[in-house]
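Each chain, letter by letter, is given below.
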Amino acid sequence: HHSCKVLVVGGGTGGCSMAAKFADKFKDQVIIVEPNELHYYQPMFTLIGGGIRSFEASKKLMKDTLPKNAKWFQENVMSFEPPQNQVTMSNGDTVQYEIMIIAMGLQLYWEKIPGLIECLKDNMSGVCSIYGSDTVINVFPKIARTKSGTAIFTFPNSPVKCPGAPQKIAYIAEDYFRNIHILYPCQFFPKQKVRNNVKVVYNTALPVIFGVKKYADALWDVCKRRNITVNVQTNLIKIDPAKEEAVFQKLDGSNETFVEKYSLLHVCPPMGPPDVLKKHPSLTNEVGFLSVDPKTLRHTKYSNIYGIGDCISAPNSKTMAAIAAQGKVLYKNIMDDLAGKPMTMAYNGYSSCPLVTGYRKCILAEFDYNLKPLETFPVNQGREYFFTFILKTYVFPLLYWTLMTRGKWDGPEFFRKYSSMIKKKEI
Ligand code: FAD
Ligand code: UQ1
């Protein structure tokens, strides 16, 4: 049975970066519980799906990623006992803590779409997904094989991580079908001029293409210009592998269902909070997310529990960029609290989504809780740029592995303040 000053549940983006911050401060007094052998940089999955980056570049051993001056148990947390300041792990051991940070991420509910799991396992089917570490490598071969028919890209009826990703992969595939792409040193691109034979469709359960109007307008424009059919309030409910048909339900009140034949079907699976969290209603809101104050990120009921990342109830868009901003606030607030001072920092809901729209361009969306743009660079980020594509493809991964996993990247707030001084006021 173990005890520590700071217990971190989950060693993904949020858990690893917070553990690194606290392990620097309180050496050998931090425990991380994380079951996985490998640590993935998930934002690269979209680029792997487009054949732009290699799968190898997206992963590292967990032991080489988590901070060395913290103790790692390669277990699952099976239950929480907040009144006792204790959790129980899958090996039966308990861990006691002074402070606990919960960073368990989102669970993917593949099984909620009948037919999906068997299609994903079948290399010959046209069904694929960038969302799984075990499914992402099949995406590019399946896109490259598509020469005709309908390529359908879906967005589910649930909260998801990186809500832009399901349409980014649509834009990349569409660009690939057109054969407007540059050669990358790491990848050979065979010639593809099949765009005229492939219909490209984006079916989203949401009523909008994107939550922030400025970027939504830009994305509608991209879709119109490139003849991508967008159907809102359209939710994938079932796949029939034998007929290569997908069944969709309209969420416009009519509940009508319809069937669409596909040659390529890219699925973003439904997601939600991890089952373990949902089993502890005293920790969660009605739908199972860890219930935290959206400003301080402290638990609403237990004052020594905090949350970060995709598993928390705060209504920000669930991204790594959001976690960078949350981490700064969380660290400062916990240190204030430990010093007996009131918490002074508030998270403003900052989130960012580099909306890759092809093989050399990207719209870098950045916004806050109010869905107001909060941009870093002194340009109009509602436009497509090559430099933002380079940031997404090469700079952010480097930033992640060298700074963020070591607790040393708090987001671009610093640059934003600087560039807002020179940015022209937008009309
Ligand atoms: P995760 O990193 O998922 O980590 C959760 C960890 O908790 C996991 O390691 C898991 O094993 C562990 N865990 C689960 N249950 C337990 C348990 N019972 N006990 C102990 N540990 C447990 N973000 C961006 O900012 N920009 C992007 O361009 C972008 N693109 C993306 C594209 C794709 C395809 C995907 C999938 C994500 C993308 N993201 C992007 C989102 C980003 O990757 C996530 O928001 C971020 O990684 C979430 O971090 P987290 O720590 O909350 O969860
Ligand atoms: C970011 O900080 C971050 O975390 C490393 C990402 O994750 C991949 C992002 O996608 C983005 C956009 C940011 C924000 C950083 C800048 C410089 C805008």
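Engineer: With reference to specific residues and values, describe the overall build of the chain.
Structural biologist: Across its full length, the chain holds 11 helices and 21 strands. A compact globule built from 427 residues would reach a C-alpha radius of gyration of about 22 Å, and the chain, at 22 Å, matches this within 12%. If you line up the chain on its principal axes, its C-alpha atoms span 65 × 55 × 45 Å. In the chain, buried positions account for 57% of the 427 residues. For the chain, the share of sequence-separated contacts (at least 6 apart) that also reach a separation of at least 24 residues comes to 64%. Summing over all exposed atoms, the chain offers an accessible surface of approximately 18300 Å²; the carbon and sulfur share of this is 55%. Counting 52 positive and 37 negative side-chain charges, the chain places the centres of these two groups 7 Å from one another.

Engineer: So what's going on with the site of ligand 1? Residues and values would help.
Structural biologist: Taken together, the neighbourhood of ligand 1 is formed by 34 residues, with G14, E34, D310, A321 and K392 sitting nearest. Taking V77, its main chain carries an N or O atom lying 2.9 Å from a nitrogen atom of ligand 1. Contact between ligand 1 and D310: an oxygen atom at 2.8 Å from a main-chain N or O atom of the residue. Isolated, ligand 1 exposes 1000 Å² of accessible area, and the fraction of that covered by the protein chains is 92%. Contributing elements (two or more residues each) for the shell around ligand 1: α1 (13–25), α2 (44–49), α6 (165–178) and α9 (320–338). Among the elements that make up the shell around ligand 1, the one with the highest residue count is α9 (three residues). Of the residues that constitute the shell around ligand 1, the class distribution is 17 nonpolar, 11 polar and six charged. Structurally, the shell around ligand 1 is a two-domain feature, drawing no fewer than three residues from each of domain 1 (2–106 + 273–346) and domain 2 (109–270).

Engineer: Tell me about the sheet that holds strand β13 (residues 228–231), residues and numbers included.
Structural biologist: Taken together, five strands build an open sheet; the order of strands is β10-β17-β11-β12-β13 and the sheet is parallel. Single-partner strands in this sheet number two, and they are β10 (127–128) and β13. Pairing of strand β12 (residues 198–204) with β13, which is carried by four bridges, proceeds in the parallel orientation. Each residue of the ladder has a partner; that of V200, found in β13, is I228.

Engineer: Go over empty space enclosed by the protein with me, naming the residues and quoting the values.
Structural biologist: With the rule as written, the count across this model stands at one cavity of 30 Å³ or more. Here the largest cavity is characterised by a volume of approximately 40 Å³. Lining the largest cavity are I113, T154, F155, P156, N235, L236, V267, C268, P269 and P270. For the lining of the largest cavity, a count of residues per class yields eight nonpolar, two polar and no charged.

Engineer: Can you break down helix α7 (residues 213–225) residue by residue, with the values?
Structural biologist: A rise of 1.5 Å per residue sets the reference length of α7, with its 13 residues, at 18 Å; its end C-alpha atoms lie 18 Å apart and thus fit the reference within 8%. Contacts from the buried residues of α7 go to α6, β13, β20 (351–356) and β21 (362–367). Phi for N227, located one or two positions after α7, is positive at around 60°.

Engineer: Could you give an account of the pattern of salt bridges, with specific residues and numbers?
Structural biologist: When their charged atoms lie close together, side chains carrying opposite charge are able to pair. Applying the stated criterion to the full structure yields 17 salt bridges. For D336, the salt bridge goes to K341, with nearest N and O atoms at 4.0 Å. The buried category is assigned to D336, whose relative accessible area is 5%. Judged by relative accessible area, K341 falls into the partly exposed class, the value being 47%.

Engineer: I'd like a description of the packing of aromatic side chains, backed by residues and values.
Structural biologist: Applying the stated criterion to the full structure yields 17 aromatic pairs. Plain terms: the ring middles of F210 and Y215 are 6.3 Å apart, the flat faces sit at 90° to each other, and that makes the pair edge-to-face. Looking at F210, the relative accessible area reads 8%, which means it is buried. With a centroid separation of 5.7 Å and 25° between ring planes, the pair formed by F248 and F258 is classed as stacked. One end of the pair, F248, is in strand β15 (residues 245–250); the other, F258, is in strand β16 (residues 257–261), and 10 residues separate them in sequence. Here the aromatic cluster, defined as three or more aromatic residues joined through ring pairs, consists of F22, F26 and Y331. Note that K21 overlies the ring of Y331, its terminal NZ or CZ placed 6.0 Å from the centroid.

Engineer: Outline the site of ligand 2, supporting the account with residue identities and numerical values.
Structural biologist: Residues in contact with ligand 2 amount to 14 residues; listed here are only the nearest, Y41, S352, P354, F396 and W409. Between ligand 2 and W409 there is a distance of 2.8 Å, counted from an oxygen atom to a side-chain nitrogen or oxygen. Isolated, ligand 2 exposes 440 Å² of accessible area, and the fraction of that covered by the protein chains is 96%. Among the secondary structure elements, those contributing two or more residues to the shell around ligand 2 are α9, β20 and β21. In terms of residue class, the shell around ligand 2 is made up of 11 nonpolar, two polar and one charged.

Engineer: Kindly report on the environment of K5, identifying the contributing residues and their values.
Structural biologist: Along the chain, the position of K5 falls in strand β1 (residues 2–9). Taking C-alpha positions, K5 is 6.1 Å from V30, a pair spaced 25 residues apart along the chain.

Engineer: Just give me the short version of the sheet that holds strand β14 (residues 234–240), but keep the residues and values in it.
Structural biologist: Pairing in this open sheet of three strands is antiparallel, and the strands run β14-β15-β16 from one edge to the other. Two strands bound the open sheet, and with one partner strand each, they are β14 and β16. Strand-to-strand twist in this sheet, taken as the mean axis angle between neighbours without regard to direction, amounts to 30°. Both β15 and β16 contribute to a ladder of five bridges, which runs antiparallel. Considered in β16, the bridge of Q249 is made with T257.

Rules used in this analysis
- Each chain carries its own residue numbering, running from 1 in the written order of its sequence.
- Chain letters and ligand numbers both follow the written order, the letters beginning at A and the numbers at 1.
- Local features are withheld for residues below a pLDDT of 70 in this predicted model, meaning they are given only at 70 or higher, and side-chain atom pairs are given and counted only at 80 or more; totals for whole chains, interfaces and linings count all residues.
- Hydrogens and waters are ignored; side-chain quantities use all the structure's heavy atoms.
- Elements are defined by DSSP. Helices are runs of H or I of four residues or more, strands are runs of E of two residues or more, and each kind is numbered from the N terminus.
- For the radius of gyration, the atoms used are the C-alpha atoms, and the globule rule reads 2.2 Å times the number of residues raised to 0.38.
- Relative accessibility thresholds used throughout: buried, under 20% of the residue-type maximum; exposed, over 50%; partly exposed, between the two (1.4 Å probe, protein chains only).
- Should any heavy atoms of two residues lie within 4.5 Å, those residues are considered in contact.
- Every accessible area reported is derived by Shrake-Rupley at a probe size of 1.4 Å, with residue values counting cover from the shown protein chains alone.
- Charge assignment in this entry is limited to Lys and Arg as positive and Asp and Glu as negative, and neither His nor the chain termini are counted.
- Just so you know, the charge point we use is NZ for Lys, CZ for Arg, CG for Asp and CD for Glu.
- The rule for a residue being near a molecule or strand is that one of its heavy atoms must lie within 4 Å of it.
- Between N or O atoms, a polar contact is any pair within 3.5 Å; within protein, one atom must be a potential hydrogen donor and the other a potential acceptor, and residues adjacent in sequence are included only when both atoms are from side chains.
- Under the scheme applied here, ten amino acids are nonpolar (Ala, Val, Leu, Ile, Met, Phe, Trp, Tyr, Cys and Pro), four are charged (Asp, Glu, Lys and Arg), and all others, including Gly, are polar.
- Where each domain begins and ends follows an automated or database-derived domain assignment.
- When DSSP finds two or more bridges between two strands, those strands count as paired.
- With a 1 Å grid spanning the protein atoms alone, the term cavity applies to any set of points in which a 1.4 Å probe fits but cannot get out, the term pocket to an open set with protein on both sides within 12 Å along at least five of seven lines, and the term lining residue to any residue with an atom within 4 Å of a point.
- Grid points are joined across faces, edges and corners, and a volume is the space filled by probe spheres set on the points.
- Expected helix span is computed as 1.5 Å times (number of residues minus one).
- When a carboxyl oxygen of Asp or Glu lies within 4 Å of a side-chain nitrogen of Lys or Arg, that pair is called a salt bridge.
- Aromatic rings from Phe, Tyr and Trp, with only the six-membered ring used for Trp, were paired whenever their centres fell within 6.5 Å, and each pair was classed as stacked if the ring planes differed by under 30 degrees, edge-to-face if by over 60, and tilted otherwise.
- Each ring is checked for a lysine NZ or an arginine CZ that lies within 6 Å of its centre and within 35 degrees of its normal; such an atom marks a charge sitting over the ring.
- For helices, the axis comes from a line fit to the C-alpha atoms of the stretch in contact; other axes are also lines fit to C-alpha atoms, and the angle between any two N-to-C directions lies between 0 and 180 degrees.

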